[in-house]
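Reading the structure
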Amino acid sequence: MHSDRSQPVRVVPDASVLVKTFRPEQGSEEAVSMLDMSGRGEIILVLPALALEEALNVARRELGVPEARVVWTAFLETESPVIGIDDVVVQTALDVCELYGCTFYDAVAPAVAQLAGATLWSGDRRAHGRIPGVVLVG
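Let me begin by describing the structure that accompanies this report. Keep in mind it's a predicted model, so treat the numbers as computed, not measured. Sequence positions are assigned chain by chain, starting from 1 and proceeding in written order. Local features in this predicted model are restricted to residues of pLDDT 70 or higher, and side-chain atom pairs are both shown and tallied only at a pLDDT of 80 or more, whereas totals for entire chains, interfaces and linings draw on every residue. Only heavy atoms go into the side-chain values, all of them from the structure, while hydrogens and water stay out.

Here, the term nonpolar core denotes a set of buried Ala, Val, Leu, Ile, Met, Phe, Trp, Tyr and Cys residues that are joined through side-chain atoms within 4.5 Å. Residue exposure (1.4 Å probe, protein chains only): buried if accessible area is under 20% of the type maximum, exposed if over 50%, otherwise partly exposed. By size, the foremost hydrophobic cluster in this structure holds 23 residues, and its most contacted members are L18, F22, M34, L45 and W121. Of all the elements, helix α3 (residues 49-63) adds the most residues to this core, at five residues. Two residues qualify as a contact provided that any one of their heavy atoms is within 4.5 Å of a heavy atom in the partner residue. Residues within four places of F22 in sequence aside, it is in contact with A55, V58, A59, L63 and V71. Residues V46, A107, A111 and A113 belong to the second largest nonpolar core, which totals 18 residues. For the purposes of this entry, the term helix denotes a DSSP run of H or I that reaches at least four residues, the term strand denotes a run of E that reaches at least two, and both are numbered from the N terminus.

Glancing now at the sheet that holds strand β5 (residues 119-122). A strand pair is defined by DSSP finding two or more bridges across the two strands. Across the sheet, four strands lie side by side as β2-β1-β5-β6; this open sheet has parallel pairing. Edge positions in the sheet fall to β2 (43-45) and β6 (135-136), since each has one partner strand and no second. In this structure, strand β1 (residues 9-13) lies alongside β5, joined through three bridges in parallel fashion. Pairing of V11 across the sheet is with T119, part of β5. Contacts from helix α2 (residues 28-39) reach β1, β2, β5 and β6 within the one sheet, and its direction differs from that of β2 by about 105 degrees. Axis definition: a line fitted to C-alpha atoms, over the contacting stretch in the case of helices. Angles run 0 to 180 degrees between N-to-C directions.

This brings us to helix α5 (residues 87-100). Residues lying three or four places apart along an α-helix face the same way, a consequence of the helix completing one turn every 3.6 residues. What a helix is expected to span follows from its residue count: subtract one and scale by 1.5 Å. Helix length check: α5 (14 residues) gives 20 Å between terminal C-alpha atoms against 20 Å at 1.5 Å per residue, within 8%. Within α5, the full set of buried residues consists of V89, T92, A93, V96 and C97. Each buried residue of α5 sits inside an arc of 150 degrees when the element is viewed along its axis, so together they form one side. When the buried face of α5 is taken as reference, the exposed residues oriented beyond 90 degrees from it are D87, E98 and L99. Buried positions along α5 lie against β4 (82-83) and α6 (104-116). At the N-terminal boundary of α5, the capping side chain belongs to D86, with an oxygen 3.1 Å from the backbone nitrogen of V88. Just past α5, the residue G101 takes up positive phi, approximately 70 degrees. Note that the arc is defined by the directions from the helix axis to the C-beta atoms. A 3.5 Å cut-off defines polar contacts: any pair of N or O atoms within that distance qualifies, except that in protein one atom must be a possible hydrogen donor and the other a possible acceptor, and neighbouring residues in sequence count only when both atoms are side-chain atoms.

Everything listed is a geometric property; what it means functionally is a separate question.
Right, here's the structure in full:
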């Protein structure tokens, strides 16, 4: 995904992609591959805190608390920076809302990607299909 002379590509997965790492569904192989590429240093994951919260809630609801802890540990093992909400993220997300007509929740990952100079990976064509450069998973 990157040449030997360049830095690894930065990738921001949204919640739908994070869920695909532990729930078998269309796009799961790509999502698990994303984690593997991160582990090999081929990409740098940048994780929006909101996407992690959403994914962990799905893990808790569908798999139970013990398995949600396993999922959390897997995300921690990527050693990825976690980007929380601050004024810059909120203002950028609101710009994304205005530009693409999406919800604030759906605007956070593209905002983080924009701020991090990263590629957005999403499994949500409806919310993110019009975002330039998005990689649609599944």
